[in-house]
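# Inside the fold
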Amino acid sequence: MSQQQSAAPAPAIATVARRRDWWRDAVIYQVYPRSFADSNGDGMGDLEGVRSRLPYLRDLGVDAVWLSPFYASPQADAGYDVADYRAVDPMFGNLLDADALIRDAHALGLRIIVDLVPNHSSDQYDWFRRALAEGPGSPLRDRYHFRPGKGENGELPPNDWESIFGGPAWTRVADGEWYLHLFAPEQPDFNWEHPAVGDEFRSILRFWLDMGVDGFRIDVAHGLVKAAGLPDIGGGDQLKLLGNDVMPFFDQDGVHEIYRQWRHVLDEYAGERIFVAEAWTPTVERTANYVRPDELHQAFNFQYLSTAWDAKELRAVIDRTLEAMRPVGAPATWVLSNHDVTRHATRFANPPGLGTQIRSAGDRELGLRRARAATLLMLALPGSAYVYQGEELGLPDVVDLPDEVRQDPAYFRGAGQDGFRDGCRVPIPWEREGSSYGFGAGGSWLPQPASWGELSVAAQTGVAGSTLELYRGALRVRREQADLGAGDAVEWLRAPEGVLAFRRGQFVCVANTSGESVTTPVYGRVLLASGELTQADGGAKVPADTTVWWTTA
């Protein structure tokens, strides 16, 4: 008998009735606004474009939409350099557009989570501009990290910290002082020891909560507090230490008091609003500190995202994650792609060990097969899951963008991280044809490959076996199966080498990460499979790089 995943029936509306603890099993879809949908034909995605596509997201079956920054910004780092936290950048629309988007999303049963960038501002933020204009001694300089330099004439940076984007983390201004920026020079770091900074961000939280947003994704949540005295690290190649060691500018214990204060603000509002931390930490145990009951609700699981397609490694990180979250009562989160890393359809197309930014296309067929299987594994795990726009289409990274169209600031600072994030930010295709495959009427801000048309929403809708229909079917089954979603444990089953098998009540997931077909028991009725499955002689033959969902009911 041959079985393969089938196209989902007419999709159910992703209802988000005011059920308690909705975030414990939510599937949250990340929208990168400039690359999602363009409503006015200027080649840049916008809020009205997102609003027009909300029914698609409802029908996909997600619970909430996380919007990357759309605030007023000079766009030195794609909006993560904010000049006004209470205004929409004109390229994306205005506050009325944001209000309409939030209202329409709620009417469709979708929640809205917005990005918040509290580690740094734009160098065009009012405080910073005035601090520069007023010169040394200005009280506004205390709201950032201004310092005199070292050396005979202050010509050397105040310490040896390196920017995440490459080069020193300090820039000298005309009057001789230096300011700290862990990212681009256009992104000066706030000094969170100054009470005005905390006051301002609590006010910003209330502004957007009053607008009706359902939560915040906190950018660089681990970076707000720096070690006292800003001590030297004592060596170069500091980026190699990120995520592996505690750094004097990341994951300092002082950040937790900030988030406890923020939680008080959030809890003033009805509707179970949430905080989600982007927190790169050395261990999942350190990540768990951010989601204690009086702090944040979720934290991204970057250890899982960085794990190779290997059964032994995956089981280890799944076990560590669930064990770390259980004592603090927080849900695990699972994510495979986002706007800062190479799409997993391309990562899995390449040999392991190349990191999360890869410039090689690899084996496209292999990568897609593994990506589909990895998605079913992720959605079967207990907790909440994140989907990055376009992954439901099986989009690969665009690895051959001409250098002249790149906009990632890290690309232009040579010594930093690879700087190839533009490849996962190429506008997504909606139609088979057109100047931007339905993204908008006026082209797209990054060039799209010729293959985009056949990967579009229109090309895959209703096509049995397509990646889009696999996602729709998986999200439908996830809603229907009582044993899926929230939880804090799995029951591991015996399985051949290279295979993960676990039970959750009457649900069983089998993921074959090996390069060969394997035979497993028939656990019941097949709910969904990422590839073709055959059953014979009492066993199930699971192809290489394939995940199968079963029900024993």
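I will try to describe carefully the structure that is included in this document. (Residues numbered from 1 in each chain as written. Predicted model: local features only at pLDDT ≥ 70, side-chain atom pairs only at ≥ 80, totals over all residues. Heavy atoms only, no water.)

### Re helix H5 (residues 195-211)
How we decide: Here a strand is any run of E in DSSP of at least two residues, a helix any run of H or I of at least four, and the numbering for each starts at the N terminus. One fewer than the residue count of a helix, multiplied by 1.5 Å, yields its expected span. Only protein chains enter the accessibility calculation, which uses a 1.4 Å probe; a residue whose area is less than 20% of its type maximum is buried, one above 50% is exposed, and one in between is partly exposed.
When the terminal C-alpha atoms of H5 are compared, their 25 Å separation across 17 residues agrees well with the 24 Å that a helix rising 1.5 Å per residue should span. What H5 keeps buried is the set Ala196, Val197, Gly198, Glu200, Phe201, Arg202, Ile204, Leu205, Trp208, Leu209 and Met211. The first or second residue beyond H5 is Gly212, which carries a positive phi of 110°.

### With respect to the packing of H5 against helix H6 (residues 255-266)
Stated formally: Interaxial angle, 0 to 180 degrees, is taken between N-to-C directions of lines fitted to C-alpha atoms, where a helix line uses only the stretch in contact. Roughly parallel covers angles under 35 degrees, roughly antiparallel covers those over 145, roughly perpendicular covers 65 to 115, and oblique covers all other angles. What makes a crossing left-handed is the near helix being turned counterclockwise from the far one by less than a right angle; a clockwise turn instead makes it right-handed. It only takes one pair of heavy atoms within 4.5 Å for two residues to be counted as in contact.
Where H5 contacts H6, the two axes come as close as 10 Å, and the packing angle between them is 30°. Taken together, H5 and H6 sit at an angle that is classed as roughly parallel. The two elements H5 and H6 meet at a crossing, and its hand is right-handed. Two secondary-structure elements touch here, H5 through Phe201, Arg202, Leu205, Arg206 and Leu209 and H6 through Gln261, Trp262, Val265 and Leu266.

### Here's the deal with the nonpolar core
So the rule is basically this: We call a set of buried Ala, Val, Leu, Ile, Met, Phe, Trp, Tyr and Cys residues a nonpolar core when their side-chain atoms join them within 4.5 Å.
Judged by nonpolar contacts, the single largest core of 132 residues is most densely connected at Leu57, Phe216, Tyr259, Trp262, Tyr304 and Trp549. It is H5 that contributes the most residues to this core, 8 residues altogether. Not counting residues up to four positions away in its chain, the partners in contact with Trp262 are Leu116, Pro118, Trp192, Phe201, Arg202, Leu205, Ile218 and Phe275.

### What about the pairing of strand E16 (residues 499-504)?
Looking along a regular strand, one sees side chains alternate from face to face of the sheet. The condition is simple: DSSP calls a pair of strands paired once it identifies at least 2 bridges connecting them.
Most of E16 is tucked away: 5 of the 6 residues are buried. Relative to E16, strand E15 (residues 491-492) is paired through 2 bridges, and the arrangement is antiparallel. If you follow Trp492 over to E16, its bridge partner there is Phe502. Between E15 and E16, which pair antiparallel in sequence order, lie 6 residues; one of them, Gly498, sits at a positive phi of approximately 85°. Relative to strand E17 (residues 507-512), E16 is paired through 6 bridges, and the arrangement is antiparallel. Across the sheet, residue Ala501 finds its bridge partner in E17, namely Val510. Counting the residues that bridge the hairpin from E16 to E17 gives 2 residues, and of these Gly505 lies at a positive phi of roughly 65°.

### Side note on the packing of helix H3 (residues 95-107) against H5
In plain terms, the rule: When residue character is reported, Ala, Val, Leu, Ile, Met, Phe, Trp, Tyr, Cys and Pro are called nonpolar, Asp, Glu, Lys and Arg charged, and the others, Gly included, polar.
At a minimum axis distance of 10 Å, the contact between H3 and H5 shows a crossing angle of 55°. Considering their axes alone, H3 and H5 lie oblique with respect to each other. When H3 is examined against H5, the residues Leu95, Ala98, Asp99 and Ile102 are found in contact with a partner set consisting of Phe207, Trp208 and Met211. A per-class count over the contact of H3 with H5 returns 6 nonpolar, no polar and 1 charged.

### Here's the deal with the sheet that holds strand E8 (residues 170-172)
Strand order in the open sheet formed by 3 strands is E7-E9-E8, and the pairing between neighbours is antiparallel. Taken across any chain shown, the strands that pair with only one partner, and hence form the sheet edges, are strand E7 (146-147) and E8. Looking at chain direction, E7 and strand E9 (residues 178-180) are connected through 2 bridges and run antiparallel. By the bridge assignment for E9, Phe146 is matched with Tyr179.

### Overview of the packing of aromatic side chains
Inclusion rule: Working definition: a ring pair exists when centres of Phe, Tyr or Trp rings (six-membered ring for Trp) sit within 6.5 Å. Plane angles under 30 degrees give stacked, over 60 give edge-to-face, the rest tilted.
All chains considered together, the criterion is met by 38 aromatic pairs. On the numbers, 5.6 Å between centres and 80° between planes, the contact of Phe70 with Trp208 is edge-to-face. A residue pair is termed long-range when its members are at least 10 positions apart, and Phe70 in the loop between strand E3 (64-67) and strand E4 (71-72) and Trp208 in helix H5 qualify at 138 residues. Judged by its relative accessible area of 0%, Trp208 is buried. Taking the centre distance of 5.6 Å and the plane angle of 80° together, the rings of Trp492 and Phe502 count as edge-to-face. Here Trp492, found in strand E15, pairs with Phe502, found in strand E16; they are 10 residues apart in sequence, far enough to count as distant. The same class applies to Trp492 as to Phe502, namely buried.

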